[in-house]
Amino acid sequence: MEWVRGETIGYGTFSTVTLATPANDVSGAFPQVMAVKSADSHGAASLANEKWVLDTLGDDCDEIVRCLGEDRTVENGEEMHNLFLEFASRGSLASHLKKLNGEGLPESTVRRHTGSVLRGLRYIHAKGFAHCDLKLGNILLFGDGAVKIADFGLAKRAGEVTASVDGGVQIRGTPLYMAPESVNDNEYGSEADVPALGCAVVEMLSGKTAWSFKEGSHFMSLLIRIGVGDELPRIPEDLSEQGRDFLTKCFVKDPKKRWTAEMLLNHPFVAVDLDHDDFEEVDIQLKTEEVFASPRCPFEFSSWVSASSDSGTQCHTLEAPEERVATLAAVSIPDWSVTNNWVIVR
Ligand SMILES: Nc1ncnc2c1ncn2[C@@H]1O[C@H](COP(=O)(O)OP(=O)(O)OP(=O)(O)O)[C@@H](O)[C@H]1O
């Protein structure tokens, strides 16, 4: 298929996402507007992983973004890897929330979105995968009101340990959404997607991140709070009893006792029939100024894979979470700098 690249609609750690239109699709096999996720050689592995996971998952789940194919191009002398995806005209939930200036969404809307994400997660988990990077920036809103999970660049087979080049184990995901067992033991099973979902629900409801943190504070202090001790992410005070109970089930520290996506789908917070009266069928026009960079703040390390913390053979052998977190803090004090809206972790 020949295609024409359009305007940029999003940036990720590994890629740039633009619009794309097919140029000579006489068969009509492709939609008139697609999203194309493009990466140079640095992001090629992540894109290849995303393609493999989406192909393996197949097209049977309405809550997972569809992959429409791939292509390679040479642009400005550089080889680009391109992944075609169905286009979410209303962008991500992160960009949607950003437009509300710190306000949250109505609880009925959050319940509906949460149900959709849970159906996607149940499908992903049933197929033996963990998403590993669930957050509002990776949940897409479509013009017809559909909500789908996207960005499978870090997804992996549940139980598979990801070894880095030197044989260590990498920390992956975004610290603000990490599960205690991921911080403490490098575990990234399907269970770890559930606290991430809980954090996304809190953010949808309140417009604020589930873990509070002081501007400029070291992200290791956040990891210590997530991994060690009894503190839980904040639950909005004006939330219904059902909502509070739902979040409590998501935030159970022990992954073995935590509710699964399948169980949560039967929780009354999402299992009720909701009318659609608060759904605005607005197709938000994409404007250049709406393009946002991810991460937006020092704690939103999108898909953060720490090269410096992957001396994880050490981490693996440590018994206590306190030791593991302390070691991380000691071995991986990152040199991180903020340029425009970007945080670079070295
Ligand atoms: N299919 C799509 N339709 C519309 N917008 C999209 C689509 N896919 C991605 N985007 C936009 O581009 C942004 C970046 O995409 P994505 O998260 O997949 O890239 P990434 O490089 O894997 O990013 P990261 O890993 O940092 O989250 C998204 O947050 C979203 O705003």
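Residues numbered from 1 in each chain as written. Predicted model: local features only at pLDDT ≥ 70, side-chain atom pairs only at ≥ 80, totals over all residues. Heavy atoms only, no water.

*Asks:* Sorry if this is basic, but what is going on with the overall build of the protein here?
*Replies:* Helix and strand content of the protein: 11 helices and 11 strands. For the protein, the share of sequence-separated contacts (at least 6 apart) that also reach a separation of at least 24 residues comes to 66%. (Helix = DSSP H or I, 4+ residues; strand = E, 2+ residues; numbered from the N terminus. Contact = heavy atoms within 4.5 Å.)

*Asks:* So what exactly am I meant to see when it comes to the nonpolar core here?
*Replies:* Here is a general trend for soluble globular proteins: nonpolar side chains tend to be buried in one another's company. In this structure, L136, F152, L197, V201 and F246 are the most contacted members of the largest nonpolar core, which totals 73 residues. At nine residues, the largest contribution of residues to this core is made by helix α5 (residues 193-206). Each of domain 1 (3-87) and domain 2 (91-266) contributes no fewer than three residues to this core. Ignoring any residue separated from it by four or fewer positions in sequence, one finds V201 in contact with V110, T114, F246, L247 and F269. Counting residues in hydrophobic clusters, the runner-up holds five residues, among them W3, A20, M34 and V36. (Core = buried A, V, L, I, M, F, W, Y, C linked by side-chain atoms within 4.5 Å. Buried < 20%, exposed > 50% of the residue type's maximum accessible area, 1.4 Å probe, protein only. Domains from an automatic or database assignment.)

*Asks:* What is the right way to read the packing of aromatic side chains from this model?
*Replies:* For any pair of aromatic rings, the description consists of the separation of the ring centres together with the inter-plane angle of the planes. All chains considered together, the criterion is met by three aromatic pairs. Centroid distance W3 to F84: 5.0 Å. Interplanar angle 85°. Geometry classified as edge-to-face. Of this pair, W3 sits in strand β1 (residues 3-11) while F84 sits in strand β5 (residues 78-86), and the two are 81 residues apart along the sequence. The same class applies to W3 as to F84, namely buried. Measuring from ring centre to ring centre gives 5.0 Å for F246 and F269, while their planes differ by 40°; the resulting arrangement is tilted. One end of the pair, F246, is in helix α7 (residues 241-250); the other, F269, is in helix α9 (residues 268-271), with 23 residues separating them in the sequence. The same class applies to F246 as to F269, namely buried. (Phe/Tyr/Trp six-rings, centres within 6.5 Å; stacked < 30°, edge-to-face > 60°.)

*Asks:* Sorry, what's going on with the environment of L105 here?
*Replies:* Here L105 shows up in the loop between α2 (93-98) and α3 (107-126). Residue L105 is classed as buried on the basis of its relative accessible area of 10%. Between the C-alpha atom of L105 and that of V201, which follows or precedes it by 96 residues, the distance is 9.9 Å. Ignoring anything within four residues of it in the chain, the contact list for L105 reads L93, H96, L97, L100, V110, H113, M204 and L205.

*Asks:* Looking at this structure, I do not really get the pairing of β5. What am I missing?
*Replies:* Side-chain positions along a regular strand alternate between the two faces of the sheet. Buried residues dominate β5, accounting for seven of its nine residues. Pairing of strand β4 (residues 67-75) with β5 involves eight bridges; the strand directions are antiparallel. When the bridges of β5 are listed, E75 appears paired with E78. The turn linking β4 back onto β5 is made up of two residues, and N76 within it adopts a positive phi angle of 50°. (Pairing = 2+ DSSP bridges.)

*Asks:* Hey, could you run me through the sheet that holds β5 in this one?
*Replies:* Within a beta sheet, neighbouring strands are joined by backbone hydrogen bonds and run either parallel or antiparallel to one another. As summarised here, the arrangement of the five strands in space is β1-β2-β3-β5-β4, forming an open sheet in which the pairing is antiparallel. Strands with a single pairing partner mark the edges of an open sheet, and in this sheet they are β1 and β4. Strand-to-strand, the axes of this sheet are offset by a mean angle of 30°, without reference to chain direction. Contacting β3 (34-39), β4 and β5, helix α1 (residues 44-57) crosses the sheet at an angle of about 30° to β5. (Axes fitted to C-alpha atoms, helices over the stretch in contact; angles between N-to-C directions.)

*Asks:* I keep staring at the UniProt feature "binding site: ATP" (unreviewed entry) in the protein and nothing clicks. Help me out?
*Replies:* Sites flagged by UniProt as "binding site: ATP" (unreviewed entry) map to K37. Along the chain, K37 falls in strand β3. For K37, a relative accessible area of 10% translates into the label buried. With residues near it in sequence (within four places) discarded, K37 still touches S15, T16, V17, L47, E50, H81, N82, L83, L85 and D151. (UniProt positions renumbered as here; feature names shortened; annotations may be inferred.)

*Asks:* What is the right way to read the pairing of strand β2 (residues 16-22) from this model?
*Replies:* Counting buried positions along β2 gives five out of seven residues, so the element sits mostly inside the fold. Across six bridges, β1 lies against β2 in antiparallel orientation. Note on β2: the bridge partner recorded for R5 is A20. Hairpin connection from β1 to β2: four residues lie between these consecutive antiparallel strands. Where β2 lies against β3, five bridges are found, and the strand directions are antiparallel. Note on β3: the bridge partner recorded for A20 is M34.

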